[in-house]
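Results of the structural survey
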Amino acid sequence: MDSTSIGVFDSGVGGLTVLKAIREALPAHDIIYYADTAHLPYGDRAPDEIVRFATGISQYLMERGAAIVAVACNTSSALALQALRQRLSVPFVGMIDCGASAVARASASGRIGVMATVNTVRSRAYTEAIAGRRPGAVVVQQACPELVPLVERGELDGARVRRALREYLGPLMEAEVDSILYGCTHYPFLHKAVREEVGLGVALVDPAREVAREVAREVTRAVDEAEVAPSAGKGAPGRCGGAGAVEFVCSGDPAQFRAIAAELLGWDIPEVEPAEPV
Ligand code: DGL
């Protein structure tokens, strides 16, 4: 793959919700997806570890030809996006701004729930980003540590899922939120169960499409720049294209990742390449 692909990464299968949206928005572009399952879950790891993983993975993706990187992980976006932009030269698209914009638009009452990992909740990244877009909004955050391991096992419903969801959604419903943001990319895979728990009166917001639109804008920007300065054409950083191939790389067990990814996406997943953990 030359330097024209879109890099996407997450701790595991969660970022596939974003990959799917990017694929729909940009079907003819090459994408390389990195699942850092060797270090999963990111949700309660030390913040400096998250920065180290995000930097190493982004460097790897750039070496493999990524000209844009989508940080398809809210925890990494909350804790590492600033460092990535300072340290590395490609454009990065993160989850927080897109998620905050989407939920600020979706909420009528301004009472907003955010489901996220312990790290994302602690960072208050969403609280601040939503306040910036919707002054006066009441943001109720809820850490949901049990959900990522369930999704990684492919367990999208059943007694354990419902028990965890009731525990996490209860406080949000009591706070009378009118919209809930999936502030972790794993959670949209539980959408059916979440919808049944909260009923139809609450908007459930997945930032993935907004992120895909932002990635598409970055691609257009890069193409425009390449036209202004043709020396920055195909093969140079910033210019995306390709034939619509999707490659998968995994730092943990590639066979296990492949099986669950295929089930979650309903795609025929090609061979998953093993990568040394960063
Ligand atoms: N999917 C990630 C997120 O959006 C990380 C989940 C985890 O590894 O804990 O936050």
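Residues numbered from 1 in each chain as written. Predicted model: local features only at pLDDT ≥ 70, side-chain atom pairs only at ≥ 80, totals over all residues. Heavy atoms only, no water.

Turning our attention to the packing of helix α1 (residues 16-25) against helix α11 (residues 254-265). Interaxial distance between α1 and α11 falls to 11 Å at its minimum, and their mutual angle equals 55 degrees. Classified by the interaxial angle, the pair formed by α1 and α11 is oblique. Relative to α11, the crossing made by α1 is right-handed. Across from Leu16, Leu19 and Lys20 in α1, the residues of α11 making contact are Phe257, Ala261 and Leu265. Tallied by class, the residues present in the contact of α1 with α11 amount to five nonpolar, no polar and one charged. (Axes fitted to C-alpha atoms, helices over the stretch in contact; angles between N-to-C directions. Helix = DSSP H or I, 4+ residues; strand = E, 2+ residues; numbered from the N terminus. Parallel < 35°, antiparallel > 145°, perpendicular 65-115°, else oblique. Left-handed = near helix turned anticlockwise from the far one by under 90°. Contact = heavy atoms within 4.5 Å. Nonpolar A, V, L, I, M, F, W, Y, C, P; charged D, E, K, R; others polar.)

Further remarks concern the environment of Ala106. Mapped onto the elements, Ala106 comes out in helix α4 (residues 96-106). A residue is classified by how much of its surface remains accessible, and Ala106, at 35% relative accessible area, is partly exposed. Between the alpha carbons of Ala106 and Val202 there is a distance of 9.8 Å; along the sequence they are 96 residues apart. Ignoring any residue separated from it by four or fewer positions in sequence, one finds Ala106 in contact with Ala203 and Val205. (Buried < 20%, exposed > 50% of the residue type's maximum accessible area, 1.4 Å probe, protein only.)

As a matter of local geometry, the ligand sits amid 13 residues, with Ser11, Tyr42, Asn74, Thr75 and His186 nearest to it. Within the side chain of Ser11, a nitrogen or oxygen atom sits 2.6 Å from an oxygen atom of the ligand. Here Thr185 contributes a side-chain N or O atom positioned 2.9 Å from a nitrogen atom of the ligand. Alone, the ligand offers 300 Å² of accessible surface; in the complex the protein occludes 99% of this. Split into classes, the residues belonging to the shell around the ligand amount to five nonpolar, seven polar and one charged. (Near = heavy atom within 4 Å. Polar contact = N/O pair within 3.5 Å; in protein donor to acceptor, adjacent residues only side chain to side chain. Areas by Shrake-Rupley, 256 points an atom, 1.4 Å probe, with all protein chains shown as cover.)

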